[in-house]
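The primary structure of each chain is shown beneath.
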Amino acid sequence: MNLQQLKVFVLTVQLKKLYLVAQQLEITQPTVTFHLNKLQEELGIALFHTKSYHVIKLTEAGQAFYHYASQIHSLSSEAEATMDVYRGTAAGVLAVGSTHTPATYLLPPLLKQLKASNPRLTVMLDVRPAPFILDKLKRYELDIGIISNTRVDDPELVSKPLLKDDLVLIFPPDHALASAGELQPGDLAEHPFVSHEPGSISRQLIDRWADSNEVKFQISLEVSGTEALKAAVKHGLGYGMIAEAAVQEEQLEGKLCTRAIPKWVPERQIYAVRHRNKLITPALQEFWKSLAEAFSEQRK
């Protein structure tokens, strides 16, 4: 078993087509097949359900092997990239994973600052849900994750809370509740509501709040994107609940009004997360420090 075999195996699982693996590695498709067959021969066990590779489906042993092979592949790629930096042939890569809110509303100025001090640094930003980001961190496929979550509790990961990520009510300026007196949870049940899609972290938090306060929403629309939700509220389809950081611009421009959600218990924060055992490159160290400094005042 060698690194080339592991690389071919990992890419086959990820890309699902042998010709795509061959294109990425700049080898022939028969060579891809040779490496896969040789790997299984040396391991003495089938990693795939079929020998033809027309359908890529892992056996139970293959799934277990992929867990380790993907980590070895990621660390090998990182080692090569790091040596390129020391050889002076590359300026390095910083792989950042982020959930939607920080990626859209918080990270751009910080990434601009990082690029200004490291012009040749390549930054890769992967915007995904928090569980996906955490999984990629654990497989050494990302250097750092910036995620909105209720908590990060994993011994393999180091996390640092950056700021609270509370949800707030948003209304068009002429909405009846925008300027009403003190709100009670029951007041919200009397008006159309624009909701996040089922399964999202925000929707889970909102549903728990509704259950604990015995509120039954009049859902007029379910959307799967922050910008789409804000647009729906602006056009009078109902009020919404959204991360406070995502609506600051519209609030300043007078396009949307915000209010605190009555009897809301804050649960969610935005965290910086990295793998405990991953190499801390100069770029990662600088970015981690800039995140801590940028949000230190807002945490107080």
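Small disclaimer: the values here were computed from a predicted structure and weren't measured. In this convention, every chain numbers its residues from 1, walking through the sequence in written order. Local features in this predicted model are restricted to residues whose pLDDT is 70 or higher, and side-chain atom pairs enter the listing and the counts only when it is 80 or higher, whereas totals over whole chains, interfaces and linings include all residues. Side-chain measures here rest on the full set of heavy atoms in the structure, leaving out hydrogens and waters.

Asks: Describe a nonpolar patch on the surface, listing the residues and the values that go with them.
Replies: Without a salt bridge and with relative accessible area above 30%, a residue can belong to a patch; like charges are then joined within 9 Å and nonpolar side chains (Val, Leu, Ile, Met, Phe, Trp, Tyr) within 5 Å. Here the Shrake-Rupley method, with its probe set to 1.4 Å, supplies the accessible areas, and only the displayed protein chains count as covering residues. The salt bridge definition used is simple: a Lys or Arg side-chain nitrogen within 4 Å of an Asp or Glu carboxyl oxygen. A surface patch of nonpolar side chains, about 280 Å² in accessible area, is lined by M1, L43 and I45. The way it works is that DSSP assigns letters per residue, a run of H or I at least four long becomes a helix, a run of E at least two long becomes a strand, and they are numbered from the N terminus. Within the element layout of this structure, L43 appears in helix α3 (residues 29-43).

Asks: Which residues make up the environment of L162, and what values go with them?
Replies: Residue position: L162 is located in strand β4 (residues 157-164). Each C-alpha atom, one on L162 and one on I270, is 5.6 Å from the other, the two residues being 108 residues apart in sequence.

Asks: Would you mind going over the packing of helix α2 (residues 18-25) against α3 in detail, with residue names and values included?
Replies: Between α2 and α3, the least distance of the axes is 8 Å, while the angle of their chain directions is 105 degrees. Relative to α3, the element α2 is oriented roughly perpendicular. Counted together, L18, Y19, V21 and A22 of α2 and Q29, V32, T33 and L36 of α3 form the full contact between these two elements. Class assignment of the residues belonging to the contact of α2 with α3 gives a composition of six nonpolar, two polar and no charged. In this analysis, axes come from line fits to C-alpha atoms, helices being fitted only over the stretch in contact, and the angle between any two N-to-C directions falls in the range 0 to 180 degrees. For classification purposes, an angle smaller than 35 degrees is called roughly parallel, one larger than 145 roughly antiparallel, one from 65 to 115 roughly perpendicular, and anything else oblique. The contact criterion used is simple: two residues touch if any of their non-hydrogen atoms lie within 4.5 Å. Residue polarity follows a fixed list, in which Ala, Val, Leu, Ile, Met, Phe, Trp, Tyr, Cys and Pro are nonpolar, Asp, Glu, Lys and Arg are charged, and the others, Gly among them, are polar.

Asks: Account for the environment of V152, with residues named and values stated.
Replies: Positionally, V152 belongs in the loop between β3 (144-149) and β4. Throughout, exposure labels follow a simple rule: accessible area from a 1.4 Å probe, protein chains only, divided by the maximum for the residue type, with under 20% read as buried, over 50% as exposed, and the rest as partly exposed. For V152, a relative accessible area of 16% corresponds to the buried category. Between the alpha carbons of V152 and G225 there is a distance of 23 Å; along the sequence they are 73 residues apart. In contact with V152, other than residues within four places in its own chain, are L134, I147, L157, S159, Y271 and V273.

The analysis is restricted to geometry; functional conclusions fall outside its scope.
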